[in-house]
Amino acid sequence: LKKFAPNIKTKIHYSPNRAKNEQNFSEMLQENDLIITTYGILRNDLALFVKEEFEYIILDEAHAIKNPISTSARSVYALRGKHKLAISGTPIQNNLMELWSLFNFLSPGYLGTYDSFKENFVLKIEGEKDEGATNALKKMVDPFLLKRNKDVISDELPEKTEMVLKSKFGDDEKI
């Protein structure tokens, strides 16, 4: 932020000294352009956050809400925002319900209900290997995904650096 957006007033909402009542929380929001917090603090202070409508809500490491019945997921589902963004290097780690959970935050109902998504996509794709269901889901979510592989951004990456450090073992550490 200091490098790319130095004029944005930022507050990290964290620590035991954070704004914990409505008045202090409201003042913090009015005085700052960007509030950064953790999933844990959001869960603890959810009563304050749900009273506000945010211009943007951006989830980093969004796979933290992959389990739609988790407290973290239910907390972010409760947030109101005009624009939402979810950033994750691993949007799907174990099963397609994790994708549904992300979209339930981004655009509730877009992929259907939990049960309808499970019936129409999860069981057909994961269980039956149904290519039609796979293609239908891909068509629905592709416009919302930005996937950048290493070969696409290789020009932006620094040169690989290797450091070889040698250590001598003591007599009691040798095998």
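On a predicted model such as this, the values are computed, not experimentally measured, just so you know.

**Brief notes about the overall build of the chain**
Phase 1 of the analysis: Within the chain, the secondary structure is distributed over eight helices and four strands.
Phase 2 of the analysis: Along the chain, helices and strands appear, N-terminal first, in the series β-α-β-α-α-β-α-β-α-α-α-α.
Phase 3 of the analysis: Against the compact-globule benchmark of 16 Å for 175 residues, the chain has a radius of gyration of 21 Å, which places it well outside the compact range.
Phase 4 of the analysis: Principal-axis analysis of the C-alpha atoms gives the chain an extent of 60 × 50 × 40 Å.
Phase 5 of the analysis: Side-chain charges of the chain comprise 25 positive and 26 negative groups, with the mean position of each set lying 2 Å from the other.

**A look at the packing of helix α6 (residues 114–127) against helix α7 (residues 131–141)**
Phase 1 of the analysis: One can describe the packing of α6 onto α7 by two numbers: an axis separation of 9 Å at closest approach and a directional angle of 120°. On the basis of their axis angle, the class for α6 and α7 is oblique. Crossing angle aside, the handedness with which α6 passes α7 is left-handed. Mapping the contact onto sequence places Phe-117, Asn-120, Phe-121, Lys-124 and Ile-125 in α6 and Ala-133, Thr-134, Ala-136, Leu-137 and Met-140 in α7.
Phase 2 of the analysis: For the contact of α6 with α7, a count of residues per class yields seven nonpolar, two polar and one charged.

**Focus on the pattern of salt bridges**
Phase 1 of the analysis: Scanning the entire structure with this criterion turns up five salt bridges.
Phase 2 of the analysis: Here Asp-45 and Arg-18 are joined by a salt bridge, their closest N and O atoms 2.6 Å apart. In this pair, Asp-45 is assigned in the loop between α2 (39–44) and α3 (46–49) and Arg-18 in the loop between β1 (10–12) and α1 (22–31), connecting sequence segments 27 residues apart.
Phase 3 of the analysis: In this structure Arg-18 comes out as buried when scored by relative accessible area, which is 15%.

**Structural notes on the side chain of Ser-72**
Phase 1 of the analysis: Positionally, Ser-72 belongs in helix α4 (residues 71–77).
Phase 2 of the analysis: When its relative accessible area of 11% is taken as the criterion, Ser-72 is described as buried.
Phase 3 of the analysis: Side-chain polar atoms of Ser-72 contact the side chain of Arg-43, separated by 2.6 Å.
Phase 4 of the analysis: In contact with Ser-72, not counting residues within four places along its chain, are Tyr-39, Arg-43, Ala-64 and Ile-65.

**Side note on the pairing of strand β3 (residues 53–59)**
Phase 1 of the analysis: As judged from the six bridges shared by β3 and strand β4 (residues 80–86), these two strands associate in the parallel manner. From the neighbouring strand, Ile-57 faces β4, where its bridge partner is Lys-84.
Phase 2 of the analysis: For the segment spanning β3, α4 and β4, crossover handedness is right-handed.

**Re unusual backbone geometry**
With glycine set apart, most residues show a phi of negative sign, and most peptide bonds adopt trans.
Phase 1 of the analysis: Of note, the phi angle at Glu-61 is positive, near 50°, even though the residue is not glycine.
Phase 2 of the analysis: Here Glu-61 shows up in the loop between β3 and α4.
Phase 3 of the analysis: By relative accessible area, which is 45% here, Glu-61 ends up partly exposed.
Phase 4 of the analysis: A positive phi is found at Lys-129, a non-glycine position, where the angle reads about 55°.
Phase 5 of the analysis: The class of Lys-129 is exposed, set by a relative accessible area of 62%.

**Some details on the nonpolar core**
Phase 1 of the analysis: Counting residues in each nonpolar core, the largest one holds 19 residues, and the members touching the most others are Phe-25, Leu-59, Ile-65, Val-76 and Leu-79.
Phase 2 of the analysis: Of all the secondary-structure elements, those providing two or more residues to this core are α1, α2, α3, β3, α4 and α5 (97–106).
Phase 3 of the analysis: Excluding residues within four positions of it along the chain, Leu-79 makes contact with Leu-42, Leu-46, Phe-49, Ile-57 and Lys-84.
Phase 4 of the analysis: Counting 13 residues, the second largest nonpolar core, distinct from the first, contains Leu-99, Trp-100, Leu-111 and Ala-133.

**With respect to α5**
Phase 1 of the analysis: Along α5, nine of the 10 residues are buried, which leaves the element largely enclosed by surrounding structure.
Phase 2 of the analysis: Of all the positions in α5, only Met-97, Glu-98, Leu-99, Trp-100, Ser-101, Leu-102, Phe-103, Asn-104 and Phe-105 are classed as buried.
Phase 3 of the analysis: Buried residues along α5 sit against β3, α4, β4, α6 and α7.

Here is what the cut-offs are and how they apply
Residues numbered from 1 in each chain as written. Predicted model: local features only at pLDDT ≥ 70, side-chain atom pairs only at ≥ 80, totals over all residues. Heavy atoms only, no water. Helix = DSSP H or I, 4+ residues; strand = E, 2+ residues; numbered from the N terminus. Rg over C-alpha atoms; globule rule 2.2 N^0.38 Å. Lys, Arg positive; Asp, Glu negative; His and termini not counted. Charge placed at Lys NZ, Arg CZ, Asp CG, Glu CD. Axes fitted to C-alpha atoms, helices over the stretch in contact; angles between N-to-C directions. Parallel < 35°, antiparallel > 145°, perpendicular 65-115°, else oblique. Left-handed = near helix turned anticlockwise from the far one by under 90°. Contact = heavy atoms within 4.5 Å. Nonpolar A, V, L, I, M, F, W, Y, C, P; charged D, E, K, R; others polar. Salt bridge = Lys/Arg side-chain N within 4 Å of Asp/Glu carboxyl O. Buried < 20%, exposed > 50% of the residue type's maximum accessible area, 1.4 Å probe, protein only. Polar contact = N/O pair within 3.5 Å; in protein donor to acceptor, adjacent residues only side chain to side chain. Pairing = 2+ DSSP bridges. Right-handed = clockwise from strand over helix to strand, strands pointing away. Core = buried A, V, L, I, M, F, W, Y, C linked by side-chain atoms within 4.5 Å.

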